[in-house]
Amino acid sequence: MTDTIAVEAKSARKTYGQGTEAVTALKDVSVQISKGEFFTLLGPSGCGKTTLLRLIAGFETPTSGEIWLDGKDISADPPNKRPINTVFQSYALFPHLTVAQNIGFGLEMLGRPRKEVAETTAEMLALVRMESLAGRRTAQLSGGQQQRVALARALAPRPKVLLLDEPLSALDLKLRKEMQSELKRLQTETGITFIFVTHDQEEALTMSDRIGVMSAGNILQIGAPRDIYTSPANRFVADFIGETNFIDATVDATGATLSGGQHIDIAPQRIAGRSGKMTLALRPEQLRIVPAGHGLPATLTHSVYFGTDIHCHLALPDGTELVARMQAAADGSAAYTPGTQVGLILPPDAIQLLED
Amino acid sequence: MKKLLTSVAALATVASMASAEGELNIFNWGNYTNPDLIKKFEETYDVKVTVTDFDSNTTALTKIEAGGHGFDIVVPTHSYIPIYVEKGLLMKPGIPEMENYHNLAPQWVDVDWDPKREYSVPWQWGTTGVAVNTKAYSGDVNTAAIFMDPPAELVGKVNVVPEMQDVISMALMYVGGTPCTTDKTMLKAARDALVAAKPKWMSMDYGMTEKMSNGDVMASVNWNGSTFRIRNNNPDVVYGYPKEGYIVWMDNAAILNDAKNADNAKLFINFIMDPENAAMISSFARYANGITGSEAFMPDDMKTAPEIVVPADLVAAGKFTGACPKEAQDMYTAIWTELQK
Amino acid sequence: MPSSSEDLAETARVRRNWLLSTPALVLLALGAAGPLLIVAVYSFLEAGEYSGVEWRFSLDAWFQILFHRDIFDDTISLADAHLTIFWRSVKLSLLTTIATFIFGFPTAYFIATRAPKQRALWLFLITIPFWTNLLIRTFAIMEVLRNQGILNTLLMKIGLITTPIQILYTDTAVLIGMAYVYLPLMVLPMYAAIDRFDFRLVEAGYDLYASRWQVLRRVILPIVKPGAIAGSILVFVPSLGAYVTPRVLGGGKNMMIGNFIDLQFGQGRNWPLGAALSMVLLVIVGAALLAYVRVSTKENPHG
Ligand SMILES: Nc1ncnc2c1ncn2[C@@H]1O[C@H](COP(=O)(O)OP(=O)(O)OP(=O)(O)O)[C@@H](O)[C@H]1O
Ligand SMILES: [Mg+2]
């Protein structure tokens, strides 16, 4: 098992500053990232994603804990001794060098023969489809082109691990989509371990083999995109990944009792023997609206039209607000008008139980 | 020659009563004019005097030649008086008819640069010799060998003031020639001697009054007045009159041809030939003046100062050097460049 | 390749810019070119007998710069004394430039990497010497270097030396003095360049396997080069014409160009030669500036 692990953080902690000014950006984070994996760190701004990346790259040393690469502790190695490269959020291309010189820089520093540098540079230029701009200064490139150069520059030395810190955040939506598939293609072609940072959950879900969701210096959950989406470990993850309805309830062996006294059924494998005060989580597309008299009574407060979907906002008698997503009718009209009393069906096997 | 009495020359403007009858504008070396003398003149004749400084004979001459300067009196060194005369810049104010003319010491009346004292009267005169700190060297100081062939004790501790005219003239006399000569064997000998001596020098700098007083420099080509002041600070320093030949110079006051206040200027020329007034000049800048009877009014320390009273056996070694003709001057410059390259 | 309509627009823009610069150009012509012209004209005249010039055309001055008619046998040879003086000036100025760079770069780097509030203070401290007269600063250096001065006294007190080292009146003293005097002229443009420098590029350098030295040489230095060149010009040009510092600290034993020119206008009474020498100095400075323009435009062909 260990020989398949590329990077491992062992209880890595990072505290910036001293005394009252001290900020602990990373709180004893442990994570194992496998070879050839596309691993994404996902979390809100300030949660410590960049800090973890900088610890792995070697720009920061952990306050405590260790960083391992290929079964060796590299915590004390400087960045230029680690076979790990970074694609910086700002790209950080060298303005005094041409595109080709930027790409060849790492190999040159490694003391590779001129011929090899030239060949690999050409190869990388082809890989990111920038052959025609090899002689340009980087200041004369568009954002997407700069991004490609940054990528090629980081890939050229064939690092064991490639770190990407929000590399797509500066691009417009269309270009971003393009680059997402490009990145995925490059990762598959090269087989290099990618550690990718984003705060865009959709990006994370579409690209990653596994995702680590971070919050306030901790990794809350690690898993494949589907697992994270369908089985969030806690309310934060559920809320952060996609939209989720939360309902407070008391759980027993048969189901849950809401604060208004209504009882709903929950599949036993979802309950898994737990009981007591819990939060029920349900994705909007899993809620079904039926005419009044069936299911849970609720009031439709308003609906929002999204083209193919309509988001219906509902209120339970105790005031809990929920959102249900429905397919719009062919003519785009809503099935229910605001103020209508409706019934809500909560599928027993779709309900998640979250301990707070 | 006195430009380095102080490092920073100040424009000495002497104010006086607003109701002055007339004006007088004097163009003189910096830090060279006793303010008390000016005050006395102003009070005596009710004239407002303005003194403007210059720092070298060439700058003074250039400024006056350019015209529009407004000066009445200028005080050039003796070697420049013939140049002023030749260029027609000076007036003949009838000096021999002046009341105080009889006070002129006889040896300063019939001088080469102004044979009958038609144009100028003495301001101050002095010598360029050597100053030596006896702590460092106790041998004979009355020789140019102090800098032309420094004794072992002084190697690396000698300074030569960068006065091209004086230094090369002394070097010429040291090798047996005469100042401003165009004799090439002599010039060559002087050059070779200078070039050979230079590695034994510490510097070619001004400001010896401070540097010899505090012991940074142990010997130097220097002026007598400056050495007098050094001795007052540092009693170990003595003044030597090189027996091979040393330089004597005199600064002379003269009236410019285009003076606007010629009458006041004549009053001033007569005024400074008065012994008491001449003594005021000397007591300020510490050089002798050339007016008989002025000794009586001078500070005691000046009356017997070895820097001012030339020993009888060495008087003859003192040479007035004129401004060299262009041909000699160019050779001087060539030697100087060779020396300082 | 720009199209011809772009060319036309460019020409019009250039013409308008020239037109707008007219007042400045006139001032420049009067203030800079005028005096220069006088110097140029004087260099082609005959020296006056006692000072100034005779209004007769002569190439003597220019001849004298390069050739030396031996005063003893009239043979003509290369004026090695003049070349020696020029070479000393150029050499000392180059050394001064290098010294200010060696000390100025870390200083500028230090300042540029302080917190913004502190930077202002450091820059202020750097410029303080400028408030003092050059002569006074030079005399202050002399106080430090002279045999009974601060440095020698200190070294003797702590027992490193027993007799004072003669630093004053050597080329080393001139170098120290000039480097001290001109240091701020190197630090300020270097600071401006480093301040603009994106330090994330340093991390990029380390990330791509560059050692500290390589990051300095391959990333930082090339990018702050324009600042270094500007600083070098600012130091080299006045060093070349320096007069006071070599005079006071060098002890006057060896001339630099500035002193040599002074000799011609003063004791040497050869104004045309002085004027011709000034023109040569100007040419050297011009060449240095031209080299600068060359280098900086090559760096940034589209700038
Ligand atoms: N050099 C530093 N000094 C002090 N505090 C820092 C430093 N770098 C980061 N922090 C703090 O550490 C915490 C984590 O920062 P980090 O940059 O890792 O966040 P992030 O997850 O990358 O956020 P973003 O998505 O905004 O880039 C933040 O609270 C931040 O303010
Ligand atoms: Mg970040």
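Just so it is clear, the model here is predicted, and its values are computed rather than measured.

Here is what the cut-offs are and how they apply
Residues numbered from 1 in each chain as written. Chains lettered and ligands numbered in written order. Predicted model: local features only at pLDDT ≥ 70, side-chain atom pairs only at ≥ 80, totals over all residues. Heavy atoms only, no water. Contact = heavy atoms within 4.5 Å. Buried area = accessible area lost by both parts, 1.4 Å probe. Salt bridge = Lys/Arg side-chain N within 4 Å of Asp/Glu carboxyl O. Polar contact = N/O pair within 3.5 Å; in protein donor to acceptor, adjacent residues only side chain to side chain. Helix = DSSP H or I, 4+ residues; strand = E, 2+ residues; numbered from the N terminus. Nonpolar A, V, L, I, M, F, W, Y, C, P; charged D, E, K, R; others polar. UniProt positions renumbered as here; feature names shortened; annotations may be inferred.

Enquirer: Describe the interface of chain C and chain A, naming the residues involved and giving the relevant values.
Expert: Facing 18 residues of chain C, the contacting portion of chain A comprises 26 residues. Summed over both sides, the interface of chain C with chain A buries roughly 2,000 Å², with 60% coming from carbon and sulfur. The largest per-residue losses of area from chain C upon contact with chain A belong to Asp-207, Leu-208 and Tyr-209 of chain C, which jointly make up 38% of the total buried on that side. Inspection of the chain C/chain A interface yields two salt bridges. Across the salt bridge formed by Arg-54 of chain A and Glu-203 of chain C, the nearest N and O atoms sit 2.6 Å from each other. Counting across the interface, chain C meets chain A through seven residue pairs in polar contact (both at pLDDT 80 or more). Among the secondary structure elements, those contributing two or more residues to the side of chain C that touches chain A are helix 9 (200–207) and helix 10 (212–240) of chain C. The biggest single contributor to the side of chain C that touches chain A is helix 9 of chain C, with seven residues. Residues of the side of chain C that touches chain A, tallied by class, amount to nine nonpolar, four polar and five charged.

Enquirer: Can you explain the UniProt feature "transmembrane region" (unreviewed entry) in chain C? Please cite residues and give values.
Expert: According to UniProt, the feature "transmembrane region" (unreviewed entry) maps to residues 20–45, 92–113, 119–137, 175–194, 215–237 and 273–293 of chain C in the numbering used here. The span residues 119–137 of chain C is 68% helix and 0% strand, and its two end C-alpha atoms sit 24 Å from each other.

Enquirer: Kindly report on the interface of chain C and chain B, identifying the contributing residues and their values.
Expert: For interface size, the figure often reported is the accessible area lost on association. With 38 residues of chain C in contact, the opposing surface of chain B contributes 43 residues. Taking both partners together, chain C and chain B bury about 3,400 Å²; carbon and sulfur atoms supply 52% of that area. Taken together, the connections running from chain C to chain B amount to three salt bridges. The salt bridge partner of Arg-247 of chain C is Asp-205 of chain B, with a shortest N-O separation of 3.4 Å. The interface formed by chain C and chain B holds 17 residue pairs in polar contact (both at pLDDT 80 or more) in total. Residue assignment for the side of chain C that touches chain B shows that the elements contributing at least two residues are helix 4 (80–112), helix 6 (134–145), helix 11 (244–249) and helix 12 (257–265) of chain C. The leading source of residues in the side of chain C that touches chain B is helix 4 of chain C, at six residues. Each residue belonging to the side of chain C that touches chain B can be placed in one class, and the counts come to 15 nonpolar, 15 polar and eight charged.

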